[in-house]
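# Remarks on the overall topology
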Amino acid sequence: MQEGVMQRMWQTGHISGGNAAYVEELYETYIQDPNAVPEEWRNYFEKLPTVSGISTQDVPHSTIREHFLLLGKNRAKSKILTPASLSTEHEKKQVQVIELIEAYRLRGHQNAKLDPLGLQQRPAVLDLTIEHHGLSKADMDTLFRSTSLNIGQEEAPLSTIVEALQQTYCSSVGAEFMHIVNSDERHWFQQRLESMRSHPEYSAETKLHILERLTAAEGLEKYLGTKYPGTKRFGLEGGESLVPMVDEIIQRAGAYEVKELVIGMAHRGRLNLLVNILGKNPADLFSEFEGKRVFDKGSGDVKYHQGFSSNVMTPGGEVHLAMAFNPSHLEIVAPVVQGSVRARQDRRKDSKQELVLPITLHGDAAFAGQGVVMETLQLSQTRAYKTGGTIHIIINNQVGFTTSPEDARSTEYCTDIAKMVQAPILHVNGDDPEAVLFVTRLALDYRMQFKKDVVIDLVCYRRRGHNEADEPGATQPQMYDVIKKHGTTRTLYAEKLVQEGALTPEDDKQLVEDYRQALDNGQHVVKSLVKEPNRELFVDWAPYLAHEWTARHDTSVCLQTLQELAHKLCEIPEGIVLQRQVGKIIDDRRKMAAGALAINWGFAETMAYATLLMEGHPVRITGQDVGRGTFSHRHAVLHSQKEDEIYIPLCHLAENQPRIDIYDSILSEEAVLAFEYGYATTTPNALVVWEAQFGDFANGAQVVIDQFITSGEHKWGRLCGLTMLLPHGYEGQGPEHSSARLERFLQLCAEHNIQVCTPTTPAQVFHMLRRQMLRPLRKPLIALTPKSLLRHKQATSSLEDLAEGSFQTVLPNHQEVPAEQVKRFIMCSGKVYYDLLEKQLADDIQDAVVVRIEQLYPFPHEDLSSIFLQYPNLEKVVWCQEEPMNQGAWYSSQHHMRRVIADHNNPSLYLEYAGREASAAPASGYMSTHVEEQQRLVDTAFTV
Ligand code: AMP
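Residues numbered from 1 in each chain as written. Predicted model: local features only at pLDDT ≥ 70, side-chain atom pairs only at ≥ 80, totals over all residues. Heavy atoms only, no water.

### A few points about the overall build of the chain
Regarding its fold elements, the chain presents 32 helices and 24 strands. Here the chain has a C-alpha radius of gyration of 33 Å; the compact-globule value for 944 residues is 30 Å, and the two agree. Each principal axis of the C-alpha atoms in the chain carries an extent, and together these give about 110 × 70 × 55 Å. Contacts in the chain between residues far apart in sequence, at least 24 positions, make up 80% of those at least 6 positions apart. Here the chain has roughly 37,600 Å² of accessible surface; of this, 50% comes from carbon and sulfur atoms. Of the charged side chains in the chain, 94 are positive and 123 negative, and the gap between their average positions amounts to 0 Å. (Helix = DSSP H or I, 4+ residues; strand = E, 2+ residues; numbered from the N terminus. Rg over C-alpha atoms; globule rule 2.2 N^0.38 Å. Contact = heavy atoms within 4.5 Å. Areas by Shrake-Rupley, 256 points an atom, 1.4 Å probe, with all protein chains shown as cover. Lys, Arg positive; Asp, Glu negative; His and termini not counted. Charge placed at Lys NZ, Arg CZ, Asp CG, Glu CD.)

Here's what the structure looks like:
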């Protein structure tokens, strides 16, 4: 036995001095024939890790050298010899046999019996016939070397080889793994599949457990169907094998010492998993069916979108389960789950990504159709987003809502997209629960061993159409004719067990009755549920609940601390050679730290992160190009020009500082923003920032904004402190790259769901970011950030502004003027302020003030009113914006401004508009038009 294997066994206590020989013997038997050892031992051996690229399960101890020699010879032969160059007929045929074996590994899945309904029509696969490889029936009894096929025999007749291949690759399991480039992984699959011919022997206990789980899955649907007939529940009927599958993942993951699992899924089967896997009390579910409220506050959500948390007991101890809340938009929860998992891994300092496991469930049509699937897969191995592999489960109903596969995709399988990350794909017939158990173990073992995504395609059907109020026969008549006559998965499996003698018909009836009885009693039906959960397994959100946005929090930092940090941020180790312009930026920052230069945006923002880190808050910043900043203002990640080396000053502030993650993202908005939403809703004490490359690109993630960020708290009571930085401002760059579509965010504002800010000074961004963390309120922050202002001479602050100030929701006129002489009150937000200021100064306008509203939502009524009421002789009140009239803040915020004007009790005052005309596009593509329009709107603000 290999040393690594022995060592691991010693560590896990499976071997002690007395039983070492016995275990070794068992292991050798397992290698020869995995089915010949008890299931418990097989499970153990399967989970042993690969040592130095060689699977520990490969070969028996006594024959190890011999085996490798043989294998080596075979491989060499299959590479360099062609049939024509071989001397004897037998040798030629030997090579052809090897080709046949390879063909089955590659294409066997195409002949596998995956469809429980038997309706799938697959074209014949020539490569899987012996004739295609130059062999014939006459060769069936001839002995060929079979060591490359992992069936524990060095030689076997062709008939045995073909039979083994058929059983392994063409029965209820269709395995796709030959597209994986890594040969360790490919060999791992070959070994695991072939050594058991994809048909492991299960103990009677395991079989009865599978049946019990199927009984629960079917029992719940039947119960709900009878109690609430015709009510939508998106039942699991037809895909009941999902319940034993997820149950097995959790229990086996627990044995691997996984501590948390996060599950994301759409509606089909959700109620079933909530009750039968996560242990939601059926009585609570029944209340929801009866229309009762779950939360006192907010709108709530339909029952098949609800999340849930619980702890269950596993062989490895208590495990925390979290089912993510989900909107109807099918695949969008997948990246949210990834973010939540990564947050939990970071919290646990789980750098090997072994303690928290993501499981995402998908429908066949959605997995094939929705682009966010591809984006999420693309995240899976990147530094910023990887979670050490996700188990994807497709509940493959073989139909979309009413759409048949030929219209739903262009790919052979609904899972083909997963091949882009070389994920192995295990198709399995949902009516063969033992095969389902086999692929489930395989998938989990693969994930734990190789830390990569894996897909299980559970081929099943939908017994009752898209939902229970539907008539599926209208669009899929043939399929539903077959379904009507088709026995349930549970019935078929129970019959099999009765036939095998593992179960009596009476016991079978009793199982069904026991489950029904438990539901009748309103009991929890998950035996492993932990009634008094260990709360240390998850975060306590209590400190963040029930806070008002108006509560003030001190965001100042003492000057000395600021200076010390500022100097630290500019200390660049020897050996890091900065590019010339970057070197200049750091030199300038040194001057800012010394008070010799006014502080600019980039430094103030970086200082906000540094101070938060020093106060114990982790910081995570992602988005396209965030390391440098789209407009070259941040330079938080410094690239040495000498070696390919990076240096992040924010990582080197103090020895035990919290983590700071700053990563350029993949070029996605949707999956990336959803990921960060998942991260932020899981980590309340971290500042989580996503920056759009340009603000307008955020609408590539509109579904995340609509379905999660602006409404998640209201629907599900899930708080979120995510910060979105969206560069915005009209600078003649054309219809795109001008507007972050402020109007969209403002239109979504209600019930203090989000904060929308437009900071215009470095000190404002500093205090805004600090406020986001220091105030215990956790609300998404949408911040419109500047572009040209990043280098604007007047958009600067002093160290004292950072040290003493706070975030101002409204900024008054740039200088105090005698209040009596002011006739015109101009309000604005964002960059246009500096254009207005320029005119005010250039024309020496003394009777107008320009006031910036730096927080558009929640609207700062009192702060604005207190400035407004200072001017007793006002004649004009103007809102000035750069955006066209149908965009920006005009339509969404004017009622707030009008209310402030009403405070004046002067009926002759009403709100005037100075801005661009209504327009279909956000901005003109011509610089000359832009300049003209900009000039006009600024002039109008002072003349209207
Ligand atoms: P989880 O680990 O996601 O299952 O969360 C455990 C518990 O923490 C949940 O049952 C909630 O009570 C609470 N919780 C989790 N996330 C949030 C959140 N974003 N906002 C408020 N409470 C939360």
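### What to know about the pattern of salt bridges
Under the counting rule described, the total for this entry stands at 55 salt bridges. A salt bridge links Lys93 to Asp139; the shortest N-O distance between them is 2.8 Å. Here Asp139 lies in the loop between helix H5 (89-107) and strand E1 (143-145) and Lys93 lies in helix H5, a separation of 46 residues in the sequence. Through salt bridges with shared partners, a single network forms among Glu221, Arg233, Glu237, Arg464 and Glu468. (Salt bridge = Lys/Arg side-chain N within 4 Å of Asp/Glu carboxyl O.)

### Quick word on the nonpolar core
The nonpolar side chains of a soluble globular protein tend to be buried, and buried together. The biggest cluster of nonpolar side chains holds 100 residues, and the ones touching the most others in it are Phe189, Leu242, Ile249, Leu261, Leu273, Leu361 and Ile393. Here this core takes 11 residues from helix H16 (residues 433-450), the largest share from any one element. Tyr385, Val704, Ile709 and Ala740 belong to the second largest nonpolar core, which has 76 residues in total. (Core = buried A, V, L, I, M, F, W, Y, C linked by side-chain atoms within 4.5 Å. Buried < 20%, exposed > 50% of the residue type's maximum accessible area, 1.4 Å probe, protein only.)

### Thoughts on the sheet that holds strand E16 (residues 723-727)
With mixed pairing, the seven strands of this open sheet are ordered in space as E14-E11-E15-E16-E18-E17-E22. The sheet is open, and its two borders are formed by strand E14 (660-664) and strand E22 (855-857), each paired with just one other strand. Strand after strand, the sheet turns through a mean of 20° between neighbouring axes, direction not considered. Across five bridges, strand E11 (residues 619-623) lies against E14 in parallel orientation. The residue bridging Ile621 from the neighbouring strand is Ile662, located in E14. Contacting E11, E14, strand E15 (687-691), E16 and strand E18 (781-785), helix H22 (residues 601-614) crosses the sheet at an angle of about 140° to E11. (Pairing = 2+ DSSP bridges. Axes fitted to C-alpha atoms, helices over the stretch in contact; angles between N-to-C directions.)

### Some remarks on the site of the ligand
Every residue lining the ligand is accounted for by Ser309, His320, Ala322, Arg344, Phe538, Val539, Trp541, Thr681, Gly717, Arg718 and Leu719. In the model, an oxygen atom of the ligand is placed 2.7 Å from a nitrogen or oxygen of the Arg344 side chain. In this structure, Thr681 approaches the ligand through a main-chain N or O atom, which is 3.0 Å from a nitrogen atom. Across the complex, the protein chains shield 78% of the 480 Å² of accessible surface that the ligand would expose by itself. (Near = heavy atom within 4 Å. Polar contact = N/O pair within 3.5 Å; in protein donor to acceptor, adjacent residues only side chain to side chain.)

### With respect to the packing of aromatic side chains
Applying the stated criterion across every chain yields a total of 23 aromatic pairs. On the basis of an interplanar angle of 45° and a centroid distance of 5.0 Å, the ring pair of Trp890 and Tyr913 is categorised as tilted. Here the residue Trp890 occupies a position in helix H31 (residues 890-902), and Tyr913 occupies one in strand E24 (residues 911-916), the gap between them amounting to 23 residues. A residue is classified by how much of its surface remains accessible, and Tyr913, at 15% relative accessible area, is buried. Among the aromatic residues, those joined into a ring-pair cluster are Tyr169, Phe177, Trp188, Phe189, Tyr446 and Phe450. The aromatic ring of Phe286 is capped on one face by Lys227, whose charged end is 4.2 Å from the ring centroid. Directly above the aromatic system of Tyr679 lies the positively charged group of Arg620, at a separation of 4.8 Å from the ring centroid. (Phe/Tyr/Trp six-rings, centres within 6.5 Å; stacked < 30°, edge-to-face > 60°. Lys NZ or Arg CZ within 6 Å of the ring centre and 35° of its normal.)

### As for the sheet that holds strand E23 (residues 876-884)
Pairing is mixed across the open sheet formed by five strands, whose spatial order is E19-E21-E20-E23-E24. Every interior strand has two partners, whereas the edge strands, strand E19 (810-811) and E24, have only one. Here five bridges tie strand E20 (residues 824-828) to E23, and the two strands are oriented parallel to one another. Its bridge partner being in E23, Phe825 is matched across the sheet by Val877. Where H31 meets the sheet, its contacts fall on E20, E23 and E24, and the angle it forms with E24 comes to roughly 150°.

### Brief notes about the pairing of E23
Here E23 lies mainly inside the structure; eight of its nine residues are buried. Where E23 lies against E24, five bridges are found, and the strand directions are parallel. By the bridge assignment, Cys880 is partnered in E24 with Ala914. Between E23 and its parallel partner E24, the chain crosses via H31, and the hand of that crossover is right-handed. (Right-handed = clockwise from strand over helix to strand, strands pointing away.)

### Digging into the packing of helix H20 (residues 559-569) against H22
Look at H20 against H22: their axes get within 10 Å of each other, and the N-to-C directions meet at 110°. Judged by the inter-axis angle, H20 sits roughly perpendicular to H22. Contacts between H20 and H22 involve Leu562, Leu565, Ala566 and Leu569 from the former and Phe603, Thr606, Met607, Ala610, Thr611 and Met614 from the latter. Across the contact of H20 with H22, the residue classes break down as eight nonpolar, two polar and no charged. (Parallel < 35°, antiparallel > 145°, perpendicular 65-115°, else oblique. Nonpolar A, V, L, I, M, F, W, Y, C, P; charged D, E, K, R; others polar.)

### A closer look at the side chain of Lys280
Along the chain, Lys280 falls in the loop between helix H10 (270-276) and helix H11 (282-289). A polar contact of 2.6 Å, which involves the side chain of Lys280, links it to the side chain of Glu288. With residues near it in sequence (within four places) discarded, Lys280 still touches Leu274, Val275, Leu285, Glu288, Gln306, Phe308 and His524.

### Let's talk about the environment of Asp431
As for its placement among the helices and strands, Asp431 is situated in the loop between strand E9 (425-429) and H16. Spatially, the C-alpha atoms of Asp431 and Glu240 are 8.7 Å apart, while their sequence positions differ by 191 residues. Aside from chain neighbours lying at most four places away, what touches Asp431 is Pro116, Tyr461, His486, Thr489 and Leu492.

### Observations concerning the UniProt feature "domain: Transketolase-like pyrimidine-binding" (unreviewed entry) in the chain
Here, UniProt's "domain: Transketolase-like pyrimidine-binding" (unreviewed entry) annotation points to residues 599-792. Between the end C-alpha atoms of residues 599-792 the distance is 11 Å, and the span holds 29% helix and 16% strand. (UniProt positions renumbered as here; feature names shortened; annotations may be inferred.)

### Quick look at helix H24 (residues 702-709)
In terms of residue burial, H24 counts as a mostly covered element, since seven of its eight residues are buried. Turning to H24, its buried residues number three or more, namely Gln702, Val703, Val704, Ile705, Gln707, Phe708 and Ile709. Where H24 is buried, its residues contact helix H12 (333-347), helix H23 (670-680), helix H25 (712-716), E16 and helix H26 (742-747).

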